[in-house]
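Here's the letter readout for the chains.
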Amino acid sequence: MKILIIDPQFFTRAGLINLCTSFSADLSIFECPTFDLATEYLQHSDQYNLIFLDMDLPDAEIRPSLALIKKYVPTAHIVLFCWSRPMSEIRQALSAGVRSYLPKDATAEDAKLAIRALMKNDRYLPDESRLNEVAPRASQAESFLSPRQLEIMQLLAQGLSNKEIATILGITEGTIRVHLSAIFKAIKVSNRTEATLWYLLRQKRLVS
(Lines give C-alpha, C1' and ligand atoms only; values in the text may rest on other atoms or scores of the structure.)
Protein backbone atom coordinates (compact mmCIF):
# COMPACT_ATOMS: atom_id res chain seq x y z
CA MET A 1 0.00 0.00 0.00
CA LYS A 2 1.23 3.48 -0.90
CA ILE A 3 0.36 6.33 1.46
CA LEU A 4 0.78 10.11 1.21
CA ILE A 5 0.52 12.28 4.34
CA ILE A 6 0.01 16.02 3.75
CA ASP A 7 0.33 17.78 7.10
CA PRO A 8 2.47 20.75 8.24
CA GLN A 9 3.35 19.31 11.67
CA PHE A 10 6.31 16.91 11.92
CA PHE A 11 5.22 15.22 15.14
CA THR A 12 1.72 14.68 13.78
CA ARG A 13 3.09 13.04 10.64
CA ALA A 14 5.51 10.93 12.69
CA GLY A 15 2.72 9.73 14.99
CA LEU A 16 0.51 8.79 12.07
CA ILE A 17 3.35 6.94 10.35
CA ASN A 18 4.07 5.01 13.55
CA LEU A 19 0.41 4.04 13.90
CA CYS A 20 0.10 2.95 10.27
CA THR A 21 3.25 0.82 10.35
CA SER A 22 2.03 -0.90 13.53
CA PHE A 23 -0.75 -2.46 11.41
CA SER A 24 1.28 -3.33 8.32
CA ALA A 25 4.94 -3.51 7.36
CA ASP A 26 4.15 -3.58 3.65
CA LEU A 27 3.76 0.19 3.28
CA SER A 28 5.40 2.91 1.23
CA ILE A 29 4.77 6.20 3.07
CA PHE A 30 5.56 9.66 1.75
CA GLU A 31 5.13 12.81 3.85
CA CYS A 32 4.75 16.47 2.88
CA PRO A 33 4.63 19.56 5.13
CA THR A 34 3.19 21.70 2.31
CA PHE A 35 0.77 21.22 -0.55
CA ASP A 36 3.37 22.47 -3.04
CA LEU A 37 5.58 19.51 -2.20
CA ALA A 38 2.58 17.18 -2.26
CA THR A 39 1.75 18.40 -5.77
CA GLU A 40 5.21 17.34 -6.93
CA TYR A 41 4.63 13.84 -5.55
CA LEU A 42 1.16 13.68 -7.11
CA GLN A 43 2.45 14.75 -10.53
CA HIS A 44 4.95 11.90 -10.59
CA SER A 45 2.71 9.07 -9.37
CA ASP A 46 -0.96 8.15 -9.57
CA GLN A 47 -0.61 5.01 -7.47
CA TYR A 48 -1.38 6.37 -3.99
CA ASN A 49 -3.93 4.24 -2.16
CA LEU A 50 -4.41 6.47 0.91
CA ILE A 51 -3.95 10.23 1.18
CA PHE A 52 -4.21 11.89 4.58
CA LEU A 53 -4.97 15.61 4.13
CA ASP A 54 -4.97 18.31 6.81
CA MET A 55 -7.47 21.17 6.40
CA ASP A 56 -5.07 23.85 7.65
CA LEU A 57 -2.16 23.73 5.24
CA PRO A 58 0.07 26.82 5.13
CA ASP A 59 -0.09 27.16 1.35
CA ALA A 60 -3.46 25.86 0.18
CA GLU A 61 -7.21 25.87 0.75
CA ILE A 62 -9.11 22.61 1.17
CA ARG A 63 -11.40 22.82 -1.87
CA PRO A 64 -8.77 23.47 -4.58
CA SER A 65 -6.48 20.96 -2.85
CA LEU A 66 -9.13 18.26 -3.12
CA ALA A 67 -9.82 19.13 -6.74
CA LEU A 68 -6.14 18.80 -7.61
CA ILE A 69 -5.77 15.50 -5.76
CA LYS A 70 -8.81 14.10 -7.58
CA LYS A 71 -7.30 15.24 -10.86
CA TYR A 72 -3.99 13.46 -10.33
CA VAL A 73 -5.13 10.40 -8.33
CA PRO A 74 -8.87 9.95 -8.93
CA THR A 75 -8.97 6.51 -7.30
CA ALA A 76 -7.14 7.44 -4.08
CA HIS A 77 -8.92 7.09 -0.74
CA ILE A 78 -8.74 10.62 0.70
CA VAL A 79 -8.84 10.91 4.49
CA LEU A 80 -9.55 14.29 6.08
CA PHE A 81 -7.02 14.41 8.93
CA CYS A 82 -7.57 17.47 11.10
CA TRP A 83 -8.86 18.77 14.43
CA SER A 84 -12.57 18.27 15.06
CA ARG A 85 -14.81 20.45 12.89
CA PRO A 86 -18.53 21.26 12.65
CA MET A 87 -20.47 18.74 10.60
CA SER A 88 -21.22 21.42 7.97
CA GLU A 89 -17.50 21.61 7.10
CA ILE A 90 -17.09 17.84 7.07
CA ARG A 91 -20.11 17.44 4.77
CA GLN A 92 -18.63 19.97 2.36
CA ALA A 93 -15.34 18.07 2.30
CA LEU A 94 -17.13 14.75 1.84
CA SER A 95 -19.11 16.16 -1.08
CA ALA A 96 -15.85 17.42 -2.63
CA GLY A 97 -14.17 14.02 -2.69
CA VAL A 98 -13.13 13.13 0.86
CA ARG A 99 -14.05 9.55 1.74
CA SER A 100 -13.04 9.27 5.41
CA TYR A 101 -12.54 11.61 8.37
CA LEU A 102 -10.06 11.03 11.20
CA PRO A 103 -10.01 13.79 13.86
CA LYS A 104 -6.58 14.53 15.32
CA ASP A 105 -8.04 14.52 18.81
CA ALA A 106 -9.49 11.02 18.42
CA THR A 107 -8.93 8.65 21.34
CA ALA A 108 -6.23 5.99 21.00
CA GLU A 109 -8.94 3.35 20.61
CA ASP A 110 -10.78 5.28 17.89
CA ALA A 111 -7.53 6.06 16.05
CA LYS A 112 -6.61 2.37 16.00
CA LEU A 113 -10.08 1.43 14.76
CA ALA A 114 -9.77 4.06 12.03
CA ILE A 115 -6.34 2.94 10.82
CA ARG A 116 -7.37 -0.72 10.92
CA ALA A 117 -10.35 0.11 8.66
CA LEU A 118 -8.32 2.33 6.35
CA MET A 119 -5.65 -0.34 5.90
CA LYS A 120 -8.46 -2.49 4.44
CA ASN A 121 -9.58 0.44 2.27
CA ASP A 122 -12.79 0.63 4.29
CA ARG A 123 -14.40 3.99 4.94
CA TYR A 124 -14.07 5.51 8.42
CA LEU A 125 -16.18 8.25 10.00
CA PRO A 126 -16.39 9.06 13.73
CA ASP A 127 -19.50 8.49 15.79
CA GLU A 128 -22.38 10.63 14.49
CA SER A 129 -22.75 12.47 17.83
CA ARG A 130 -19.12 13.58 17.55
CA LEU A 131 -19.62 14.82 14.01
CA ASN A 132 -22.52 16.99 15.14
CA GLU A 133 -20.47 18.86 17.73
CA VAL A 134 -20.17 22.57 17.02
CA ALA A 135 -18.23 25.15 18.98
CA PRO A 136 -20.55 27.00 21.38
CA ARG A 137 -21.89 30.38 20.34
CA ALA A 138 -20.33 30.10 16.92
CA SER A 139 -22.15 31.71 14.05
CA GLN A 140 -22.67 29.75 10.83
CA ALA A 141 -20.06 31.85 9.05
CA GLU A 142 -17.55 31.50 11.86
CA SER A 143 -18.06 27.74 11.94
CA PHE A 144 -17.04 27.64 8.28
CA LEU A 145 -13.76 29.50 8.92
CA SER A 146 -10.70 27.43 9.71
CA PRO A 147 -8.54 28.16 12.79
CA ARG A 148 -5.95 29.73 10.47
CA GLN A 149 -8.56 32.01 8.90
CA LEU A 150 -9.74 33.09 12.35
CA GLU A 151 -6.12 33.93 13.22
CA ILE A 152 -5.92 36.07 10.10
CA MET A 153 -9.20 37.79 10.98
CA GLN A 154 -7.85 38.67 14.42
CA LEU A 155 -4.69 40.20 12.94
CA LEU A 156 -6.67 41.93 10.20
CA ALA A 157 -8.83 43.57 12.86
CA GLN A 158 -5.65 44.98 14.40
CA GLY A 159 -5.03 46.93 11.19
CA LEU A 160 -2.08 44.86 10.00
CA SER A 161 -1.14 44.61 6.33
CA ASN A 162 -0.97 41.35 4.37
CA LYS A 163 2.82 41.48 4.60
CA GLU A 164 2.76 41.94 8.37
CA ILE A 165 0.24 39.13 8.85
CA ALA A 166 2.29 36.84 6.62
CA THR A 167 5.44 37.57 8.64
CA ILE A 168 3.70 36.86 11.96
CA LEU A 169 2.15 33.60 10.75
CA GLY A 170 5.21 32.46 8.78
CA ILE A 171 3.41 32.10 5.46
CA THR A 172 3.48 33.98 2.14
CA GLU A 173 1.51 37.08 1.20
CA GLY A 174 -0.03 35.05 -1.62
CA THR A 175 -1.40 32.56 0.91
CA ILE A 176 -2.83 35.45 2.94
CA ARG A 177 -4.64 36.73 -0.16
CA VAL A 178 -6.08 33.26 -0.81
CA HIS A 179 -7.30 33.03 2.79
CA LEU A 180 -8.83 36.52 2.67
CA SER A 181 -10.70 35.73 -0.53
CA ALA A 182 -12.16 32.61 1.12
CA ILE A 183 -13.00 34.56 4.29
CA PHE A 184 -14.80 37.33 2.38
CA LYS A 185 -16.90 34.72 0.58
CA ALA A 186 -17.70 32.81 3.79
CA ILE A 187 -18.87 35.84 5.79
CA LYS A 188 -20.42 37.55 2.76
CA VAL A 189 -18.36 40.75 2.67
CA SER A 190 -16.46 42.35 -0.19
CA ASN A 191 -13.44 44.02 1.39
CA ARG A 192 -11.10 44.28 4.40
CA THR A 193 -13.06 47.08 6.04
CA GLU A 194 -16.31 45.12 6.02
CA ALA A 195 -14.50 42.00 7.25
CA THR A 196 -12.93 43.93 10.13
CA LEU A 197 -16.32 45.39 11.08
CA TRP A 198 -17.88 41.91 11.01
CA TYR A 199 -15.16 40.57 13.31
CA LEU A 200 -15.33 43.48 15.77
CA LEU A 201 -19.13 43.32 16.00
CA ARG A 202 -18.92 39.59 16.62
CA GLN A 203 -16.36 40.07 19.38
CA LYS A 204 -18.54 42.71 21.03
CA ARG A 205 -21.54 40.36 20.86
CA LEU A 206 -19.62 37.48 22.47
CA VAL A 207 -18.44 39.52 25.44
CA SER A 208 -21.69 41.39 26.01
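Residues numbered from 1 in each chain as written. Predicted model: local features only at pLDDT ≥ 70, side-chain atom pairs only at ≥ 80, totals over all residues. Heavy atoms only, no water.

Enquirer: Just to check I follow, could you spell out the overall build of the chain for this structure?
Expert: From N to C terminus, the chain includes eleven helices and five strands. Residues classed as buried in the chain amount to 45% of the 208 residues present. In the chain, 65% of the contacts between residues at least 6 apart in sequence involve partners at least 24 apart. Carbon and sulfur atoms make up 53% of the accessible area of the chain, which totals about 10900 Å². (Helix = DSSP H or I, 4+ residues; strand = E, 2+ residues; numbered from the N terminus. Buried < 20%, exposed > 50% of the residue type's maximum accessible area, 1.4 Å probe, protein only. Contact = heavy atoms within 4.5 Å. Areas by Shrake-Rupley, 256 points an atom, 1.4 Å probe, with all protein chains shown as cover.)

Enquirer: Sorry, what's going on with the environment of Leu 169 here?
Expert: Mapped onto the elements of the fold, Leu 169 is located in helix H9 (residues 162-169). The sequence separation of Leu 169 and Arg 148 amounts to 21 residues, and the corresponding C-alpha distance is 9.0 Å. What Leu 169 contacts, discounting residues up to four positions off in sequence, is Arg 148, Glu 151, Ile 152, Leu 155 and Ile 176.

Enquirer: How do you make sense of the sheet that holds strand S2 (residues 28-32) when you look at a structure like this?
Expert: Two strands in a sheet stick together by hydrogen bonds in their backbones, pointing the same way (parallel) or opposite ways (antiparallel). Strand order in the open sheet made by the five strands is S2-S1-S3-S4-S5, with parallel pairing throughout. Each having just a single partner strand, S2 and strand S5 (100-103) make up the two edges of the open sheet. Ignoring strand direction, the axes of neighbouring strands in this sheet form an average angle of 20°. Two strands pair when backbone bridges link them, and strand S1 (residues 2-6) and S2 are joined in this way by five bridges, in the parallel orientation. Along S2, the bridge assignment pairs Ile 5 with Glu 31. (Pairing = 2+ DSSP bridges. Axes fitted to C-alpha atoms, helices over the stretch in contact; angles between N-to-C directions.)

Enquirer: Looking at this structure, I do not really get the packing of aromatic side chains. What am I missing?
Expert: Two aromatic rings are characterised by how far apart their centres lie and by the angle between their planes. Applying the stated criterion across every chain, the model contains four aromatic pairs. Between Phe 10 and Phe 11 the ring centres are 5.3 Å apart and the planes differ by 65°, which places this aromatic pair in the edge-to-face class. Looking at Phe 10, the relative accessible area reads 49%, which means it is partly exposed. Ring geometry for Phe 30 against Tyr 41: centres 5.6 Å apart, planes inclined by 55°, an arrangement best described as tilted. Pair noted here: Phe 30 is in strand S2 and Tyr 41 is in helix H2 (residues 35-44), with a separation of eleven residues, a long-range link. Tyr 41 sits in the partly exposed class, given a relative accessible area of 28%. Three or more aromatic residues joined by ring pairs make a cluster, and in this case those are Phe 30, Tyr 41 and Tyr 48. Here the guanidinium or amino end of Lys 2 rests over the ring plane of Tyr 48, the centre of that ring lying 4.7 Å away. When the ring centre of Phe 81 is taken as origin, the NZ or CZ atom of Lys 104, which lies over that ring, is 5.4 Å away. (Phe/Tyr/Trp six-rings, centres within 6.5 Å; stacked < 30°, edge-to-face > 60°. Lys NZ or Arg CZ within 6 Å of the ring centre and 35° of its normal.)

Enquirer: Please clarify how helix H1 (residues 10-21) should be interpreted in this entry.
Expert: An α-helical segment advances 3.6 residues per turn. Residues three or four places apart therefore align on the same side. Helix length check: H1, at twelve residues, gives a terminal C-alpha distance of 16 Å against a target of 16 Å (1.5 Å per residue), a fit within 8%. Taken as a whole, H1 has its buried residues at Thr 12, Arg 13, Leu 16, Leu 19 and Cys 20. Projected down its long axis, H1 carries its buried residues within an arc of 130°, all on one side. The exposed residues of H1 that point more than 90 degrees off its buried face are Phe 11 and Asn 18. Residues of H1 that are buried make contact with S1, S2, strand S3 (50-53), strand S4 (77-82) and helix H5 (108-119). (Expected span 1.5 Å × (residues − 1). Arc of directions from axis to C-beta.)

Enquirer: Would you mind going over the pairing of S4 with me for this structure?
Expert: Side chains on a regular strand alternate between the two faces of the sheet. Counting buried residues along S4, six of its six residues qualify, which places the element largely inside the surrounding structure. Residues His 77, Val 79 and Phe 81 line one face of S4 and the alternating positions Ile 78, Leu 80 and Cys 82 line the opposite face, and both faces are buried. Note on the crossover from S3 through helix H3 (residues 62-72) to S4: the handedness is right-handed. Assessed by its sense of winding, the connection that carries the chain from S4 through helix H4 (residues 87-95) to S5 is right-handed. (Right-handed = clockwise from strand over helix to strand, strands pointing away.)

Enquirer: How should the pattern of salt bridges be read in this particular structure?
Expert: Where charged atoms from two side chains of opposite charge approach closely, those side chains can pair. Across all of its chains, the model carries four salt bridges by this definition. The partner of Arg 13 in a salt bridge is Glu 31, and the shortest N-O contact between them spans 2.7 Å. Placement of the pair is Arg 13 in helix H1 and Glu 31 in strand S2, with a sequence separation of 18 residues. In this structure Glu 31 comes out as partly exposed when scored by relative accessible area, which is 31%. Of the charged contacts, one joins Arg 148 and Glu 151 as a salt bridge, the two residues approaching to 3.1 Å between their closest N and O atoms. Residue Arg 148 and its partner Glu 151 are both found in helix H8 (residues 147-157); the two are separated by three residues, about one turn of the helix. Residue classification places Arg 148 among the buried positions, given a relative accessible area of 19%. A residue is classified by how much of its surface remains accessible, and Glu 151, at 35% relative accessible area, is partly exposed. Among the charged side chains, a salt-bridge network with shared partners connects Asp 7, Asp 54 and Lys 104. (Salt bridge = Lys/Arg side-chain N within 4 Å of Asp/Glu carboxyl O.)

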